[in-house]
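Reading the structure
What follows is each chain in one-letter form.
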Amino acid sequence: MLQDFSVLELAIYALAWAFVGGLPGYYLFFSLDRNPRSGARLGVLAGVAVGLVGALAGVITSAQAAVNGALALWLAALVGGIVLSATGKGMGNYQQRVTMRQR
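The structure contained in this document is the topic of the report that follows. (Residues numbered from 1 in each chain as written. Predicted model: local features only at pLDDT ≥ 70, side-chain atom pairs only at ≥ 80, totals over all residues. Heavy atoms only, no water.)

With that settled, consider the packing of aromatic side chains. Counted under the stated rule, the structure contains five aromatic pairs. On the numbers, 5.6 Å between centres and 65° between planes, the contact of Phe5 with Tyr13 is edge-to-face. Owing to a relative accessible area of 10%, Tyr13 belongs among the buried residues under this scheme. The structure contains a cluster of three or more aromatic residues connected by ring pairs, namely Tyr26, Tyr27, Phe30 and Trp74. (Phe/Tyr/Trp six-rings, centres within 6.5 Å; stacked < 30°, edge-to-face > 60°. Buried < 20%, exposed > 50% of the residue type's maximum accessible area, 1.4 Å probe, protein only.)

The α-helix winds at 3.6 residues per turn, so residues separated by three or four positions along the chain end up facing the same way. When the terminal C-alpha atoms of helix H1 (residues 7-31) are compared, their 36 Å separation across 25 residues agrees well with the 36 Å that a helix rising 1.5 Å per residue should span. Of all the residues in H1, the buried ones are Tyr13, Ala14, Trp17, Ala18, Val20, Gly21, Gly22, Pro24, Gly25, Leu28 and Phe29. Looking at the buried residues of H1, the elements they touch are helix H2 (36-57) and helix H3 (63-87). Backbone geometry just after H1 places Asp33 at a positive phi near 60°. (Helix = DSSP H or I, 4+ residues; strand = E, 2+ residues; numbered from the N terminus. Expected span 1.5 Å × (residues − 1). Contact = heavy atoms within 4.5 Å.)

Judged by side-chain polarity, Leu75, Leu78, Val79, Ile82 and Val83 come together as a nonpolar surface patch covering roughly 460 Å² of accessible area. Tracing the sequence through the fold places Leu75 in helix H3. (Patch = residues over 30% accessible without salt bridge, like charges linked within 9 Å, V, L, I, M, F, W, Y side chains within 5 Å. Areas by Shrake-Rupley, 256 points an atom, 1.4 Å probe, with all protein chains shown as cover. Salt bridge = Lys/Arg side-chain N within 4 Å of Asp/Glu carboxyl O.)

Let us now look at unusual backbone geometry. For residues besides glycine, phi is generally negative; the peptide bonds are generally trans as well. Non-glycine residue Asp33 carries a positive phi angle of around 60°. Among the secondary structure elements, Asp33 is positioned in the loop between H1 and H2.

Where H1 contacts H3, the two axes come as close as 9 Å, and the packing angle between them is 10°. Between H1 and H3, the crossing angle belongs to the class labelled roughly parallel. On H3, the residues touching Trp17, Val20, Gly21, Leu23, Pro24, Tyr27, Leu28 and Ser31 of H1 are Ala66, Gly69, Ala70, Leu73, Trp74, Ala77, Gly80, Gly81 and Ser85. The residue makeup of the contact of H1 with H3, split by class, is eleven nonpolar, six polar and no charged. (Axes fitted to C-alpha atoms, helices over the stretch in contact; angles between N-to-C directions. Parallel < 35°, antiparallel > 145°, perpendicular 65-115°, else oblique. Nonpolar A, V, L, I, M, F, W, Y, C, P; charged D, E, K, R; others polar.)

Below you can see the structure in the form of structure tokens.
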């Protein structure tokens, strides 16, 4: 799939996967009371990795497979947030220690 892309199409594809990965990372870290900006950064990296590696491996070959990959990222963040919040593991104290300027 990626072999037929031009450089601009590849950049747009990576940007779309960065957006798809950044949002669940942001919300996962927000629900765990950690720095949401760090979560968004990690989510962007995970999204681009899933998108590009999945396309290079031949797993993501159609729009349906891309949507399924995006939903899998969101589902993993949702389940991770629910499990970690319910067990109390991985919880931070971002709201208490952050200043107004750092928000």
